[in-house]
Amino acid sequence: MSDSHEQGWPCVLSEEVTSLLLDEALPAEVFAAVVAATVLINTTRGEVPGATASAKWPEQRRMPLGQNGALGVAEYVIVAHAEPPQIVLTRVQLY
């Protein structure tokens, strides 16, 4: 049998990120960058190229949003030992 999450792990949004994405004033470019980030996080199981891990909490990562991080930073936590494994997009800090 194959692992049902063989291709990736779900990327769950925190309430804060959900609220951000539901804001009608949010620029489409930012919305698209956050959605693209969730896809990348999902498909790489959180091992996003260029993401940095916290020294104190290695499950927490930061990744740039937009081209070369021009839009901001997304923070997420890899919950590999949950059943099922998942990743939580905890915060988006916009510039």
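Residues numbered from 1 in each chain as written. Predicted model: local features only at pLDDT ≥ 70, side-chain atom pairs only at ≥ 80, totals over all residues. Heavy atoms only, no water.

Caption draft 1: Here's a closer look at the pattern of salt bridges. In total, this model carries two salt bridges according to the counting rule given. A salt bridge links E47 to R61, with the nearest nitrogen and oxygen atoms 3.2 Å apart. Linking E47 in the loop between helix 2 (28-43) and strand 2 (52-53) with R61 in strand 3 (residues 60-65), this pair joins segments that are 14 residues apart in sequence. Look at R61 and you get buried, because its relative accessible area is 15%. (Salt bridge = Lys/Arg side-chain N within 4 Å of Asp/Glu carboxyl O. Helix = DSSP H or I, 4+ residues; strand = E, 2+ residues; numbered from the N terminus. Buried < 20%, exposed > 50% of the residue type's maximum accessible area, 1.4 Å probe, protein only.)

Caption draft 2: Highlighting the pairing of strand 5 (residues 86-94). As judged from the three bridges shared by strand 1 (residues 11-13) and strand 5, these two strands associate in the parallel manner. What sits directly across from C11, in strand 5, is I87. Bridge count between strand 4 (residues 72-79) and strand 5: eight bridges; the pairing is antiparallel. Across the sheet, the residue bridging to I78 is I87, located in strand 5. Hairpin connection from strand 4 to strand 5: six residues lie between these consecutive antiparallel strands. (Pairing = 2+ DSSP bridges.)

Caption draft 3: Spatial organisation of unusual backbone geometry. Residues E83 and P84 are joined by a peptide bond in cis, for which omega reads 0 degrees. If you check the backbone angles, R45 has positive phi at about 55 degrees while not being a glycine. Looking at the element boundaries, R45 is found in the loop between helix 2 and strand 2. A positive phi angle, close to 55 degrees, is found at N68, a residue other than glycine. Turning to its location among the elements, N68 is positioned in the loop between strand 3 and strand 4. For N68, a relative accessible area of 78% translates into the label exposed.

Caption draft 4: Quick peek at the nonpolar core. Ranked by size, the top nonpolar core spans 20 residues in total, and within it V34, I41, M63, L65, Y76 and L89 carry the most contacts. Where this core is concerned, the elements lending two or more residues are helix 1 (15-22), helix 2, strand 3, strand 4 and strand 5. At five residues, helix 2 tops the list of elements feeding residues into this core. (Core = buried A, V, L, I, M, F, W, Y, C linked by side-chain atoms within 4.5 Å.)

Treat this as a map of the structure, not an account of what it does.
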